[in-house]
Amino acid sequence: MYLCGSKICPHYNNSTMNIIIIANGSFPTLPTVLQQLNTADLVVCCDGALANYLRWYRQQSLRPSHLVAVVGDGDSLSPALLQEAQREHIQLDHQQIDEQEYNDLTKAVRYAVAQCHGQKANISILGATGKREDHTLGNISLLAYYMEEFSNCDFSMPGDYGTFYPMQGSRTFASQAGQQISLFSLQPEIPITVSGLRYPIENRKINWWWEATLNEAEGDSFTVTGGRMLVYIKH
């Protein structure tokens, strides 16, 4: 059954939507990451990533009832895959978007944000890494773009080994003592300062991506202040 997302996706006036986007990279296997799918209000698959969602869905003893959208230009999505989803009685919204200015991941994000109707949302992106290295780098860098374009949403990119978060300004992150932390500055002209990590960074410009990697949390939180950057927290 094909349904119009703008008509059937509920309008969350007083709560934060939890949205999962599944890209067509390496699908995660870590149970704590996949558990997010069980509590999602909306799942958006980038075209052929629907196959990964279906494999996960069939393994669930209690199958979720959230809306599943399939968004992209259709180049990796077969009619047979859509038919499989229909046979599982999944509430499905297929949106084929042919323009090529944005990749399928960004099309999926734009679709997801539209379903929020301006309300707050947590958007986690799964399967954005692995396979082609250029896709991996491009997808990770998009987190900072999404942060600026869609300020009503909080973005993260969890995988089997850790999670990327975009940030700008000052932000405190939860951590555990000994947890591995890496920072990637996307505005090297702006100095960064970090507290709560083993190797201190004080008002320092980070010119190369490797310079602020492989740090370590000292306690249950750490704070980062600076320009636009990506923070990686190892599980």
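Please refer to the structure placed before this passage.
Conventions used here
- Residues numbered from 1 in each chain as written.
- Predicted model: local features only at pLDDT ≥ 70, side-chain atom pairs only at ≥ 80, totals over all residues.
- Heavy atoms only, no water.
- Buried < 20%, exposed > 50% of the residue type's maximum accessible area, 1.4 Å probe, protein only.
- Helix = DSSP H or I, 4+ residues; strand = E, 2+ residues; numbered from the N terminus.
- Arc of directions from axis to C-beta.
- Phe/Tyr/Trp six-rings, centres within 6.5 Å; stacked < 30°, edge-to-face > 60°.
- Salt bridge = Lys/Arg side-chain N within 4 Å of Asp/Glu carboxyl O.
- Pairing = 2+ DSSP bridges.
- Right-handed = clockwise from strand over helix to strand, strands pointing away.

**Q** Whenever I open this one, helix α4 (residues 79-87) confuses me. Can you help?
**A** Side chains of residues three or four places apart in an α-helix project in the same direction, reflecting 3.6 residues per turn. Within the span of α4, buried status applies to Leu81, Leu82 and Ala85. Each buried residue of α4 sits inside an arc of 100 degrees when the element is viewed along its axis, so together they form one side. Along α4, the residues that are exposed and aim more than 90 degrees away from the buried face are Pro79 and Arg87. One or two steps after α4, the chain reaches histidine 89, where phi turns positive at roughly 60 degrees.

**Q** How should unusual backbone geometry be read in this particular structure?
**A** Trans peptide bonds make up the majority, and among non-glycine residues the majority have a negative phi. Residue asparagine 203 is not a glycine yet carries a positive backbone phi of 50 degrees. Positionally, asparagine 203 belongs in strand β10 (residues 201-204). Not every positive phi belongs to a glycine, and leucine 214 is a case in point at roughly 60 degrees. Of note, leucine 214 is situated in the loop between β10 and β11 (215-216). Residue classification places leucine 214 among the exposed residues on the basis of a relative accessible area of 64%.

**Q** Please clarify how the packing of aromatic side chains should be interpreted in this entry.
**A** Note on aromatic pairs: each is described by the distance of the centres and the angle between the planes. Within this structure, the stated rule accounts for 11 aromatic pairs. Measuring from centroid to centroid gives 6.5 Å for tyrosine 146 and phenylalanine 150, while their planes differ by 35 degrees, and the two rings are tilted. Residues tyrosine 146 and phenylalanine 150 agree in their burial class; the two are buried. Between phenylalanine 173 and phenylalanine 222, the aromatic rings sit 5.3 Å apart at their centres with planes inclined by 20 degrees, giving stacked as the arrangement. Taken together, the residues span a long stretch of sequence, with phenylalanine 173 in strand β7 (residues 162-174) and phenylalanine 222 in strand β12 (residues 221-234) at a distance of 49 residues. By relative accessible area, phenylalanine 173 is classed as buried at 4%.

**Q** Help me understand the pattern of salt bridges in this model?
**A** Note on pairing: side chains with opposite charge can pair once their charged atoms come close. Inspection of the entire model under this criterion finds 9 salt bridges. Where glutamate 216 meets arginine 198, a salt bridge forms, and the shortest distance between an N and an O atom there is 3.8 Å. Of this pair, glutamate 216 sits in strand β11 while arginine 198 sits in the loop between β9 (192-195) and β10, and the two are 18 residues apart along the sequence. Look at glutamate 216 and you get partly exposed, because its relative accessible area is 23%. Its relative accessible area of 46% is what places arginine 198 among the partly exposed residues. With a closest N to O distance of 3.0 Å, arginine 204 and glutamate 211 form a salt bridge.

**Q** I tried to follow the pairing of strand β4 (residues 92-96) on my own but got confused; where do I start?
**A** Of the pairings in the sheet, the one linking strand β3 (residues 67-72) to β4 comprises 5 bridges and is parallel in character. What sits directly across from valine 70, in β4, is histidine 94. In this view, the connection linking β3 to its parallel neighbour β4 by way of α4 has right-handed handedness.

Taken by themselves, the reported measurements are silent on function.
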